[in-house]
Amino acid sequence: MPAVVVVGLQWGDEGKGKITDFWAEKADCVVRFQGGNNAGHTVIAGGKKYKFHLLPSGVIREKEAVIGNGVVVDPEVLLEELAALGQAGITPHMHISDRAHVIMPYHRWLDGAEENLLGNQKIGTTRRGIGPCYADKISRFGIRMDDLTDPEGLREKLHRIVPIKQALLDALGIEKKLNVDDLHALCTRWGTELQEYIEDTTLFLNALLERKKTVLFEGAQGCLLDIDFGTYPYVTSSNPVAGGAATGTGVGPRRLDSVLGILKAYTTRVGEGPFPTELRDEAGDHLVDRGQEYGTTTGRKRRCGWLDLVAARYACRVNGVDEIALTKLDVLDGLDTVRVCTTYTCDGKKRDQFPASLSVLSRCRPHYEDMEGWNSTAGITSYEKLPAAARRYVERVSQHLGVPISVISTGPSREETIWHP
Ligand code: GDP
Ligand code: IMO
Ligand code: MG
């Protein structure tokens, strides 16, 4: 399959980094198509741990690495990641879209200020400036990567944009003074340091696919954080669903061959918003502890709960998922009973569709199917060697979703993976 889209089916942190790296062995190129450094993707390979916020996880295998137009780029973070990779002796083959938008310092300040003003109604963002940067893109006040290498055009743009941003900072009570010369100097430095990578990546990607090369489209976040399909407004500001891979890279939708959905064997969520299967008991503690559920980007403790198949069915539908990688199965090891939510009850009525309305979702109570637990799956690399109860769990999940599970992950390392075609 030349063009494979990898997407998260829950609220992010499903293990997209690990599975992208695993799959990337067969790929020529890995491309990020949305989000920014709100993402935190972990890869453990050769005994080393890598955490990527902007770089596609395929860089470790020295594959072609593309940051598509749909991504919002904080150049400072990108330069840090490139430097860290260099120190690890890895040479990335970078291509950055000239159309990708740039996260400016004022985007971060605005993100923080908006969250503070929302008080206990806050979204719980990563405060990386993601929302304000995408808002500027849509409002047509954005700075793009190509502007960084065009000093004259950049100065004109800054003169147009800065007074509006200053007015906003003042109105929100943020004591920062923007200066066109300083911002210009910052942007041109970024431009100088990154110019060798900035190009029309639509040419590069479409040429690869023309030559039947394999390209992985690495999603960030997950379906339930999607700006359209997620639990709005407790979402991120981009389209992590598979459709975003086309608009976020300039590869036509008919060129995308298949969609691989990443599903954690239970559910986690960072930040605010309703979460029907959330656990606040011993089983929840088990998931946090065994799963080491602390955010890769912000270090926040992730909220944990049982696998929600109502939400997962919805995610499979809106992403058009062809196959699933089921991750972190080992985290359920040692439980007497494991549960999956198959339907909700809302206002006394059974409900099997994931609602658009947050107030409906927050009244949904999970209905569980209980299954026998198992002792250990940790590190197992062949399907036949899994305990029978764990195999039943995998098969039941696949049956409920009507989608084959082709990869099962039993530990954080690259090797701790079962290929189950
Ligand atoms: P991503 O954002 O979807 O790439 O996921 P993160 O990297 O933020 O979070 C997943 C975490 O689980 C990371 O710490 C991974 O190293 C770890 N992980 C991935 N797959 C497995 C697995 O199968 N078992 C265990 N125990 N940990 C895993
Ligand atoms: P990966 O790619 C989990 C969440 C934030 C917050 C909401 C909005 O590692 O799966 P934002 O900063 O994007 O405006 O925050 O989205 N969020 C994530 N949660 N994994 C992520 O990325 C996330 N990226 C954003 O916690 O609730
Ligand atoms: Mg993550």
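It should be emphasised that the depicted structure is a prediction, and the values quoted were computed from it without experimental measurement.

Looking at the overall build of the protein
Link 1 in the chain: Scanning the protein from N- to C-terminus turns up twelve helices and 20 strands.
Link 2 in the chain: At 21 Å, the protein has a C-alpha radius of gyration in line with the 22 Å of a compact globule built from 421 residues.
Link 3 in the chain: Overall, the C-alpha framework of the protein stretches about 65 × 50 × 40 Å when taken along its three principal axes.
Link 4 in the chain: Every one of the 421 residues in the protein was classed for burial, and the buried ones make up 59%.
Link 5 in the chain: Surface exposure of the protein reaches about 17,200 Å², of which carbon and sulfur atoms provide 48%.
Link 6 in the chain: Of the charged side chains in the protein, 51 are positive and 56 negative, and the gap between their average positions amounts to 3 Å.

Examining the coordination of the magnesium ion (ligand 3)
Link 1 in the chain: Donor atoms from the polypeptide that coordinate the magnesium ion (ligand 3) comprise D13 (OD) and G40 (O), at 2.0 to 2.2 Å from the metal. Taken together, the residues span a long stretch of sequence, with D13 in the loop between β1 (3–8) and α1 (16–23) and G40 in the loop between β2 (29–32) and β3 (41–45) at a distance of 27 residues.

So, the sheet that holds β2
Link 1 in the chain: The mixed open sheet is built from ten strands, whose spatial order is β9-β7-β5-β2-β10-β1-β11-β15-β19-β20. One side of each edge strand has no neighbouring strand; the edge strands of this open sheet are β9 (198–199) and β20 (417–419).
Link 2 in the chain: One ladder, built from four bridges, connects strand β5 (residues 64–67) with strand β7 (residues 93–97); its direction is parallel. Within the sheet, the bridge partner assigned to A65 lies in β7 and is M94.

Let's talk about the side chain of S238
Link 1 in the chain: Assignment of secondary structure puts S238 in the loop between β10 (215–218) and α8 (244–247).
Link 2 in the chain: A relative accessible area of 5% means that S238 is categorised as buried.
Link 3 in the chain: Setting aside residues no more than four positions away along its own chain, S238 makes contact with Q34, G35, Y134, Q221, D226 and I227.

Remarks on the site of ligand 1
Link 1 in the chain: As a structural note, the neighbourhood of ligand 1 is formed by 18 residues, with K16, G40, T42, D330 and S409 the closest of them.
Link 2 in the chain: Take G40: an N or O atom from its main chain is 2.8 Å from an oxygen atom of ligand 1.
Link 3 in the chain: K328 has a polar side-chain atom sitting 2.8 Å from an oxygen atom of ligand 1.
Link 4 in the chain: Protein coverage of the free-state accessible area of ligand 1, which is 580 Å², stands at 93%.
Link 5 in the chain: Mapped onto the shell around ligand 1, the elements with two or more residues apiece are α1 and β3.

Some remarks on the domain arrangement of the protein
Link 1 in the chain: Under the domain assignment, the protein is made up of domain 1 (3–96 + 198–259), domain 2 (101–194) and domain 3 (264–419).
Link 2 in the chain: For domain 1 and domain 2, the distance between their C-alpha centroids amounts to 23 Å.
Link 3 in the chain: Contact residues are listed per partner, giving 24 residues for domain 1 and 22 residues for domain 2.
Link 4 in the chain: Both sides together, the interface formed by domain 1 and domain 2 hides about 1,900 Å², and carbon and sulfur atoms give 64% of it.
Link 5 in the chain: The largest share of the area that domain 1 buries against domain 2 comes from V72, P75 and I198, three residues that together contribute 30% of it.
Link 6 in the chain: Seen at the junction of domain 1 and domain 2, the total is two salt bridges.
Link 7 in the chain: The salt bridge partner of D74 is R108, with a shortest N-O separation of 3.2 Å.
Link 8 in the chain: For the interface between domain 1 and domain 2, the tally reads seven residue pairs in polar contact (both at pLDDT 80 or more).

A closer look at the pattern of salt bridges
Link 1 in the chain: Taken as a whole and assessed by the stated rule, the structure comprises 26 salt bridges.
Link 2 in the chain: A salt bridge links E272 to K122, with the shortest nitrogen-to-oxygen separation between them at 3.9 Å. Residue E272 is located in the loop between β12 (267–269) and α9 (282–291), and its partner K122 is located in the loop between α3 (105–118) and α4 (130–139); the two are separated by 150 residues in the primary sequence.
Link 3 in the chain: Accessibility expressed as a relative area gives 30% for K122, which makes it partly exposed.
Link 4 in the chain: Here R302 ties to E293 by a salt bridge, and the two come within 2.6 Å at their closest N and O atoms.
Link 5 in the chain: According to the relative accessible area criterion, E293 is buried, its value standing at 0%.
Link 6 in the chain: One salt-bridge network, held together by shared partners, links D13, K264, E293, R302 and K328.

Thoughts on the packing of α3 against α4
Link 1 in the chain: Remark: α3 packs on α4, axes separated minimally by 7 Å, with the N-to-C direction vectors making an angle of 115°. For α3 against α4, the interelement crossing comes out right-handed. Each of Y106, H107, L110, D111 and E114 in α3 lies in contact with α4, whose residues at this interface are I130, P132, C133 and D136.
Link 2 in the chain: Residue classes in the contact of α3 with α4 are distributed as five nonpolar, one polar and three charged.

Description of the site of ligand 2
Link 1 in the chain: Taken together, 20 residues surround ligand 2, and among them K16, H41, T126, Q221 and T236 come closest.
Link 2 in the chain: H41 is positioned such that a nitrogen or oxygen atom in its side chain is 2.7 Å from an oxygen atom of ligand 2.
Link 3 in the chain: Take T236: an N or O atom from its side chain is 2.6 Å from an oxygen atom of ligand 2.
Link 4 in the chain: In the complex, 97% of the free accessible area of ligand 2, which totals 550 Å², lies under the protein chains.
Link 5 in the chain: The class makeup of the residues in the shell around ligand 2 is seven nonpolar, ten polar and three charged.

Rules used throughout
- Residues numbered from 1 in each chain as written.
- Chains lettered and ligands numbered in written order.
- Predicted model: local features only at pLDDT ≥ 70, side-chain atom pairs only at ≥ 80, totals over all residues.
- Heavy atoms only, no water.
- Helix = DSSP H or I, 4+ residues; strand = E, 2+ residues; numbered from the N terminus.
- Rg over C-alpha atoms; globule rule 2.2 N^0.38 Å.
- Buried < 20%, exposed > 50% of the residue type's maximum accessible area, 1.4 Å probe, protein only.
- Areas by Shrake-Rupley, 256 points an atom, 1.4 Å probe, with all protein chains shown as cover.
- Lys, Arg positive; Asp, Glu negative; His and termini not counted.
- Charge placed at Lys NZ, Arg CZ, Asp CG, Glu CD.
- Donors = N, O, S within 2.8 Å, 3.2 Å for Na, K, Ca; no water.
- Pairing = 2+ DSSP bridges.
- Contact = heavy atoms within 4.5 Å.
- Near = heavy atom within 4 Å.
- Polar contact = N/O pair within 3.5 Å; in protein donor to acceptor, adjacent residues only side chain to side chain.
- Domains from an automatic or database assignment.
- Buried area = accessible area lost by both parts, 1.4 Å probe.
- Salt bridge = Lys/Arg side-chain N within 4 Å of Asp/Glu carboxyl O.
- Axes fitted to C-alpha atoms, helices over the stretch in contact; angles between N-to-C directions.
- Left-handed = near helix turned anticlockwise from the far one by under 90°.
- Nonpolar A, V, L, I, M, F, W, Y, C, P; charged D, E, K, R; others polar.

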